[in-house]
Structures are given as structure tokens and as C-alpha cells.
Amino acid sequence: VSLFSMNLDKHRESLVKYCYDISKVAFAVTALNPAVNQSRTFFEVVIGLGITVMFFSLAIFFEKGAPP
């Protein structure tokens, strides 16, 4: 467990940026793609927003860091 924690601390900032970027892309695809392309079903919008929230939450979790 400490090896994982040490490796995560080393790459935490990059991982946080990656999660934020993925959440932005997921939101953009969910929000903008229906305007450009065909309309989306309610299920597809919910899945897109769910992915957005999941990666945003992961970014916040990783940004807080490990408890002391």
C-alpha cells in the first residue's frame, strides 16, 4: 500500500489535471454534441453527465491527497 501511495504522490498533480480534462471533454461531448449532431436520448445525456461527475470527483479526491 505504501508503494502505491508513494507512486501516487509523485504523479498526483498530473493525475488531477488528467481527471479534470477528461471531465471537461465528457461534459463538452454531452452538452455540445447534440447541438452539432442528432439529438441525444435522455439515457445518453445521463451517462455523459455521470462520467463527467465521476472524473471530476476523482480529480477532487486525488487533489485532497492521502490522509496523514
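In case you missed it, the structure is sitting above this.
The following refers to the structure shown. (Residues numbered from 1 in each chain as written. Predicted model: local features only at pLDDT ≥ 70, side-chain atom pairs only at ≥ 80, totals over all residues. Heavy atoms only, no water.)

## What to know about the overall build of the chain
Now for step 1: Check the secondary structure of the chain and you find 2 helices and 0 strands.
Now for step 2: The proportion of buried residues among the 68 residues of the chain is 18%.
Now for step 3: Sequence-distant contacts, at least 24 apart, represent 74% of the contacts inside the chain between residues at least 6 apart.
Now for step 4: When the accessible surface of the chain is totalled, it reaches about 5400 Å², and 71% of it is carbon and sulfur. (Helix = DSSP H or I, 4+ residues; strand = E, 2+ residues; numbered from the N terminus. Buried < 20%, exposed > 50% of the residue type's maximum accessible area, 1.4 Å probe, protein only. Contact = heavy atoms within 4.5 Å. Areas by Shrake-Rupley, 256 points an atom, 1.4 Å probe, with all protein chains shown as cover.)

## Regarding the side chain of Thr 30
Now for step 1: Position of Thr 30 relative to the elements: it lies in helix H1 (residues 2-36).
Now for step 2: Classification of Thr 30 by relative accessible area gives buried; the value is 14%.
Now for step 3: A distance of 2.8 Å separates the side chain of Thr 30 from the backbone oxygen of Ala 26, its partner in a polar contact.
Now for step 4: Thr 30 has contacts with Val 45, Gly 48 and Leu 49, leaving out every residue within four places of it along the chain. (Polar contact = N/O pair within 3.5 Å; in protein donor to acceptor, adjacent residues only side chain to side chain.)

## Quick notes on helix H2 (residues 42-64)
Now for step 1: With 23 residues, H2 extends 33 Å from end C-alpha to end C-alpha; this agrees with the ideal 33 Å at 1.5 Å per step.
Now for step 2: If you check which residues of H2 are buried, you get Gly 48, Thr 52, Phe 55, Ala 59 and Phe 62.
Now for step 3: One or two residues past the end of H2 sits Gly 65, with phi positive at roughly 90 degrees. (Expected span 1.5 Å × (residues − 1).)

## Topic: the nonpolar core
The nonpolar side chains of a soluble globular protein tend to be buried, and buried together.
Now for step 1: The biggest cluster of nonpolar side chains holds 5 residues, and these are Val 16, Cys 19, Phe 55, Ala 59 and Phe 62.
Now for step 2: When contributions to this core are tallied by element, the ones reaching two or more residues are H1 and H2. (Core = buried A, V, L, I, M, F, W, Y, C linked by side-chain atoms within 4.5 Å.)

## Observations regarding a nonpolar patch on the surface
Now for step 1: On the surface, Phe 43, Ile 47, Ile 51 and Met 54 cluster together to form a nonpolar patch covering roughly 390 Å² of accessible area.
Now for step 2: Looking at the element boundaries, Phe 43 is found in helix H2.
Now for step 3: Using a relative accessible area of 60% as the deciding quantity, one classes Phe 43 as exposed. (Patch = residues over 30% accessible without salt bridge, like charges linked within 9 Å, V, L, I, M, F, W, Y side chains within 5 Å. Salt bridge = Lys/Arg side-chain N within 4 Å of Asp/Glu carboxyl O.)

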